[in-house]
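Listed below are the residues making up each chain.
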Amino acid sequence: MNRFNEAIFLHNKAIQWMFLAFSKGKFLLYFLPGLIISFPFWGLSDWTATMSSDNYADSDGWFGSILNSSIQGFFSFLGFLFEQLKIFLVITLLSPLFTRLSESVEESLTGKKFKFDLVQFIEELIRMLAIVFIALSLEFITLGIYHLFSWIFGLGFLDGIANFCIASFFYGFAFYDYCLERHQIGIFQSVSFVRQKPILNFVTGLCFGLASLIPVFGFAVAPVIATIIASHVFVTDNNSFK
């Protein structure tokens, strides 16, 4: 079984297990905080979507066409940045909650119990801020390189798909970090996880990205779904990180 098929198999098992757990009422309360934090961003998303579809100049002439496309592209990218900020806030502010969720998934799978430790709690929060900062920095560097090539070679028609895939890859890494930290794998070693398990990162991030497309509630429920999937995949994959 090649790595891609293996990743699909592991994620399929995780998704089936997740919905079975939901049917039993498990983990449902973890959705509530994300809904509260996401609420202020709904208006911003609507605003940027409206602005990116408006006309700002006569598109019959070449100058008007370029100006119109540039302004629409600006608001479209601004909307993308707002979405990334929303994800950043949800992941960082709720990281202790998702840490506990990840522990609960592993407890359900292995029977191993994790005790609350205040010092560890603070360390995990600081670590998650560092990991999200690293992931965002790498993401925006990659996005910058892509958009430079996109502008040079006229690949604007691919920008939406590229933005989605690049963001998914790096956010997949962030969701695995709850497991990496719990198993005492350092920050720099965790970064190596991206290199050693790129397909797992991407497929998990893709699950997060697709869940985030759910109308209205997507960005509230997606982090919970991604945390459960990443934790299940990490535990059931005996070679998650060696």
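Residues numbered from 1 in each chain as written. Predicted model: local features only at pLDDT ≥ 70, side-chain atom pairs only at ≥ 80, totals over all residues. Heavy atoms only, no water.

**Points about the overall build of the chain**
Regarding its fold elements, the chain presents ten helices and zero strands. Along the chain, helices (α) and strands (β) appear in the sequence α-α-α-α-α-α-α-α-α-α when read from the amino end. Scored against the burial criterion, the 242 residues of the chain give a buried share of 45%. The contacts of the chain with a sequence gap of at least 6 include a subset with a gap of at least 24, amounting to 76%. Surface accessibility of the chain: about 12800 Å² in total, with carbon and sulfur atoms responsible for 70%. (Helix = DSSP H or I, 4+ residues; strand = E, 2+ residues; numbered from the N terminus. Buried < 20%, exposed > 50% of the residue type's maximum accessible area, 1.4 Å probe, protein only. Contact = heavy atoms within 4.5 Å. Areas by Shrake-Rupley, 256 points an atom, 1.4 Å probe, with all protein chains shown as cover.)

**Some words on helix α1 (residues 3–23)**
In this model α1 runs 30 Å from its N-terminal to its C-terminal C-alpha over 21 residues, within 8% of the 30 Å that 1.5 Å per residue would give. Of all the residues in α1, the buried ones are Ala7, Leu10, His11, Ala14, Trp17, Met18, Ala21 and Phe22. Projection of α1 onto a plane perpendicular to its axis shows the buried side chains occupying an angular sector of 140°, all on one side. Residues of α1 that are exposed and point more than 90 degrees away from the buried face comprise Gln16, Phe19 and Ser23. Those residues of α1 hidden inside the fold are in contact with α2 (31–38), α5 (95–110), α7 (159–182), α9 (198–212) and α10 (218–236). Between a side-chain oxygen at the N-terminus of α1 and the backbone nitrogen of Phe4 the separation is 3.2 Å; the capping residue is Asn2. (Expected span 1.5 Å × (residues − 1). Arc of directions from axis to C-beta. Polar contact = N/O pair within 3.5 Å; in protein donor to acceptor, adjacent residues only side chain to side chain.)

**Some remarks on the packing of aromatic side chains**
Counted by the stated rule, this structure contains eight aromatic pairs. A centroid spacing of 5.9 Å and a plane angle of 15° characterise the contact between Phe149 and Phe153, whose relative ring orientation is stacked. Remark: Phe153 and Phe149 occur in helix α6 (residues 118–153); sequence separation between them is four residues, near one turn of the helix. Residue classification places Phe149 among the partly exposed positions, given a relative accessible area of 46%. Phe153 gets classed as exposed once you look at its relative accessible area, which sits at 54%. One aromatic cluster is present, formed by Phe19, Phe22 and Phe31 through successive ring pairs. (Phe/Tyr/Trp six-rings, centres within 6.5 Å; stacked < 30°, edge-to-face > 60°.)

**Let's talk about the pattern of salt bridges**
Oppositely charged side chains can form a pair if their charged atoms are brought close together. With the rule as written, the count across this model stands at four salt bridges. Here Arg100 ties to Glu103 by a salt bridge, and the two come within 3.2 Å at their closest N and O atoms. Note that Arg100 and Glu103 are positioned in helix α5 at a spacing of three residues, about one turn of the helix. Of the charged contacts, one joins Arg182 and Glu106 as a salt bridge, the two residues approaching to 2.8 Å between their closest N and O atoms. Taken as a pair, Arg182 in helix α7 and Glu106 in helix α5 lie far apart in primary sequence, 76 residues in all. Considered together, Arg182 and Glu106 belong to a single accessibility category, that of buried residues. A single salt-bridge network, built from bridges that share partners, covers Arg100, Glu103 and Glu107. (Salt bridge = Lys/Arg side-chain N within 4 Å of Asp/Glu carboxyl O.)

**Description of the confidence of the model for the chain**
On average, the chain scores 81 in pLDDT, and the residues at 70 or more come to 84%. When mean pLDDT is taken per element in the chain, α1 scores highest with 93 and helix α3 (residues 41–53) scores lowest with 68. (pLDDT = per-residue confidence, 0-100.)

**Re α7**
With 24 residues, α7 ought to run about 34 Å at 1.5 Å a step, and its terminal C-alpha atoms sit 36 Å apart, in line with that. A bend of about 35° at Tyr176 is the largest found in α7. Burial runs high along α7: 20 of the 24 residues are buried. A positive backbone phi angle near 60° is found at Gln184, which sits one or two residues after α7. (Bend = angle between axes of the 7 residues up to and from the residue.)

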